[in-house]
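Summary of the model geometry
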Amino acid sequence: MTPSWHGPILVLLHSLTASSTNEFSLRRDPLGHDPQIEVVHLYQQFPVGVAVSRSGRPFTCYAPGLDALNVYNSSNDVYQVVELTGFDTDAPYPNASYNQPPGGAVDTSGPFPVSAGLPDYFVSIESIFIDYDDVLWVLDCGRVIYESVLLESTYGGPKLIAFDLATDTVIRTYVFSTEAVRPNSFLGDVRVDTVRRVAYLPDFSPDRNNAICVLDLDTGDAWRTLARDFMVTAMAGFVPFVQGFPLYAVKVSGSGQAIGPVTIPFGVDSVALSPDTDTLYYSTVGGRYLYSVPTDLLRNRNTPATEIVAAVRVLGEKGFAVGLTTDSLGFVYADCNEQDAVSRFDPDTGKVEVFVRDERIDFAAKLFAATDGYLYFDVTQFDKLPSVFRGQGPLTLVFSKI
């Protein structure tokens, strides 16, 4: 909406320097183009994840749970996981058939539509990650948008798939139980500890049923931790400001009709591991704080919930972010979307700084610190999607590195 006020605006500024032409030289926001940033890819679909292998192979994913145009319906030519092959080209990974399940991603055979439960196909990829062993982990949240409604998942949809990048074949598929990942869960990220054989996956469901899920990679068992705790749920009334405008989600009725704007309802969405994997960092979409928790408490399924809650540390504000990553030195990076920036947290000093700021960073999403020394991130323009109040498309989506 355009503000209705059209009257005069009086601005009082400090330190004006008058020029001989009766104009004023004002201090301005120095936001511009940072030469450190290199744009390496232009997307054709809405992206939400990025990962780069040790050999330099870049991958990304397109989320059907966030953009209806990414949902495969048996007649459209869209993919969910791709390898970027050029500045504006990509190829489905591991192949087209894995990305395009028979019958599409929506099951309409019952009394009401649900997301398809297909363990051998991608249904709704939400995040990807490459570990130290160069294994590509693909997270399927199992929920897609259909007629403007985010459908619930069915068993077989939510899963984590490990791919061997040397052979481009599946190592193992972990299908989540409906107890660990419920039909209304919304898994948003994944980090893998290859030494202790465990994965961490945040559930940022908009209904506040949030948690950090833990997956034992040897047994395949998964469980929920910090479930519904206030430190994993969205702050009440949280409203971020992106490029000068307040950002709201769109509330939708059961029939898919937009009712109106609501404050950001999404909880814990992003996780990152310290280099020694002893600490899990996390943040919520509906908040600006960075949190940490010892991983030994999460890995032990019998740890009392009260002990885990007591061990969570609030590390301070890091900005409005939907993505986290860490580098080999232990710095924690976050997209800082109210400042068109990427911020960096130093665990040794407890301080946050602006790592890079650029007018082209129009709502960055997931970040990945690669072994080539670059920090990679997507610029998604998420605030312009139809599911967001003020959504105004069309989008120009880029993949950048610093």
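As recorded in an unreviewed UniProt entry, the protein chain goes by Major royal jelly protein and comes from Bemisia tabaci. Under the heading Sequence similarities (unreviewed entry), UniProt records this for the protein chain: "Belongs to the major royal jelly protein family." The UniProt entry for the protein chain carries the following text under Subcellular location (unreviewed entry): "Secreted".

Before going further, it helps to examine the overall build of the protein chain. Scanning the protein chain from N- to C-terminus turns up three helices and 35 strands. A compact globule built from 402 residues would reach a C-alpha radius of gyration of about 21 Å, and the protein chain, at 21 Å, matches this within 12%. Over its C-alpha atoms, taken along the principal directions, the protein chain stretches across nearly 75 × 50 × 45 Å. Looking at the protein chain as a whole, 53% of its 402 residues are labelled buried. Summarising the internal contacts of the protein chain: among those between residues at least 6 apart in sequence, 53% fall at separations of at least 24. Only carbon and sulfur atoms are counted for the fraction: they give 53% of the accessible area of the protein chain, which is about 18000 Å². Each charge class in the protein chain can be summarised by its mean position, and for the 28 positive and 48 negative side chains these summaries are 5 Å apart.

By the criterion of burial, strand S5 (residues 58-62) is predominantly enclosed, with five of the five residues buried. Side-chain alternation along S5 places Pro58, Thr60 and Tyr62 on one buried face and Phe59 and Cys61 on a second face that is also buried. The pairing of strand S4 (residues 47-52) with S5 spans five bridges and is classified as antiparallel. By the bridge assignment, Pro47 is partnered in S5 with Tyr62.

What follows concerns the pattern of salt bridges. Throughout the structure, instances matching the rule amount to 15 salt bridges. Measuring nitrogen to oxygen at the nearest pair gives 2.9 Å for the salt bridge that ties Lys159 to Asp140. On the criterion of sequence distance, the pair formed by Lys159 in strand S14 (residues 159-164) and Asp140 in strand S11 (residues 135-140) is long-range, its members being 19 residues apart. The class for Lys159 is buried, based on a relative accessible area of 0%. In this structure, the salt-bridge partner of Asp358 is Arg360, at a minimum N-O distance of 2.8 Å. A relative accessible area of 0% places Asp358 in the buried class. Assessed through its relative accessible area of 30%, Arg360 is described here as partly exposed. A cluster of three or more residues bridged by salt bridges with shared partners is formed by Arg57, Glu83 and Asp168.

Turning our attention to the sheet that holds S5. Taken together, the four strands give an open sheet; going across it, the order is S4-S5-S6-S7, and neighbouring strands pair in antiparallel fashion. The open sheet terminates on both sides in strands that have one partner only, identified here as S4 and strand S7 (90-92). Within this sheet the neighbouring strands show an average axis-to-axis angle of 30°, counted without direction.

Before going further, it helps to examine the pairing of strand S31 (residues 351-357). Examined bridge by bridge, strand S30 (residues 341-346) and S31 share six bridges and lie antiparallel to one another. In the sheet register, Asp346 faces S31, and the bridge partner there is Lys351. Connecting the antiparallel pair S30 and S31 is a turn made up of four residues, with Gly350 showing a positive phi of about 75°.

This part takes up unusual backbone geometry. With omega at -5°, the peptide bond leading from Tyr93 into Pro94 counts as cis. Mapping Pro94 onto the fold places it in the loop between S7 and helix H1 (96-99). Residues other than glycine seldom take positive phi values, yet Ser148 does so here, at roughly 75°. Relative to the assigned elements, Ser148 resides in the loop between strand S12 (145-146) and strand S13 (149-150). Given a relative accessible area of 48%, Ser148 falls into the partly exposed group. Even without being a glycine, Leu226 presents a positive backbone phi close to 55°. One can find Leu226 in the loop between strand S19 (222-225) and strand S20 (241-242). According to the relative accessible area criterion, Leu226 is buried, its value standing at 7%.

Another aspect to go through is the sheet that holds strand S24 (residues 268-273). Reading across the sheet, the four strands line up as S24-S25-S26-S27 and stay open at both edges, with antiparallel pairing between neighbours. The open sheet is flanked by S24 and strand S27 (313-317), the only strands paired with a single partner. Sheet twist, expressed as the average angle between the axes of neighbouring strands with direction ignored, equals 25°. Here five bridges tie S24 to strand S25 (residues 279-284), and the two strands are oriented antiparallel to one another. Within S25, the residue paired with Ala272 across the bridge is Tyr281.

Moving on to the nonpolar core. Leu136, Trp137, Val138, Leu160, Phe176, Leu201 and Leu215 are the most contacted members of the largest nonpolar core, which has 58 residues in total. If you list the elements that add at least two residues to this core, you get S4, S5, strand S10 (125-130), S11, S14, strand S17 (198-203), strand S18 (211-216) and strand S32 (364-369). Residue contributions to this core peak at five residues, all from S11. In contact with Leu136, not counting residues within four places along its chain, are Phe59, Tyr93, Ile128, Phe129, Ile130, Ile161, Ala162, Phe163 and Leu165. Ranked by size, the runner-up nonpolar core spans 20 residues in total, among them Tyr200, Leu298, Ile308 and Val312.

Rules of the game
The residue count restarts for each chain, going from 1 along the sequence in the order it is written. Side-chain atom pairs in this predicted model are given and counted only at pLDDT of 80 or more, local residue features only at pLDDT of at least 70, and totals for whole chains, interfaces and linings cover all residues. Hydrogen atoms and water are omitted, and side-chain values are computed over all heavy atoms in the structure. UniProt positions are given in the numbering used here, feature names are shortened, and annotations may be inferred rather than shown by experiment. Secondary structure elements are defined from DSSP: runs of H or I of at least 4 residues count as helices, runs of E of at least 2 residues count as strands, and each element is numbered from the N terminus. Restricting the calculation to C-alpha atoms gives the radius of gyration, and the globule rule supplies 2.2 Å times the number of residues raised to the power 0.38. Partly exposed residues are those whose accessible area sits between 20% and 50% of the maximum for their type, while under 20% is buried and over 50% is exposed, using a 1.4 Å probe and protein chains only. Any two residues having at least one pair of non-hydrogen atoms within 4.5 Å are treated as being in contact. Exposure was quantified through the Shrake-Rupley algorithm and a 1.4 Å probe, taking into account, for residues, occlusion by the shown protein chains and nothing else. A positive count includes Lys and Arg, and a negative count includes Asp and Glu. His and the chain ends are not counted in either. Charge coordinates come from a single atom per side chain, which is NZ of Lys, CZ of Arg, CG of Asp or CD of Glu. When DSSP finds at least two bridges between two strands, those strands are taken to pair. A pair is scored as a salt bridge if a Lys or Arg side-chain nitrogen falls within 4 Å of a carboxyl oxygen belonging to Asp or Glu. What counts as an axis is a line fitted to C-alpha atoms, over the stretch in contact for a helix, and the angles between N-to-C directions run from 0 to 180 degrees. Buried Ala, Val, Leu, Ile, Met, Phe, Trp, Tyr and Cys residues form a nonpolar core when they are joined through side-chain atoms within 4.5 Å.

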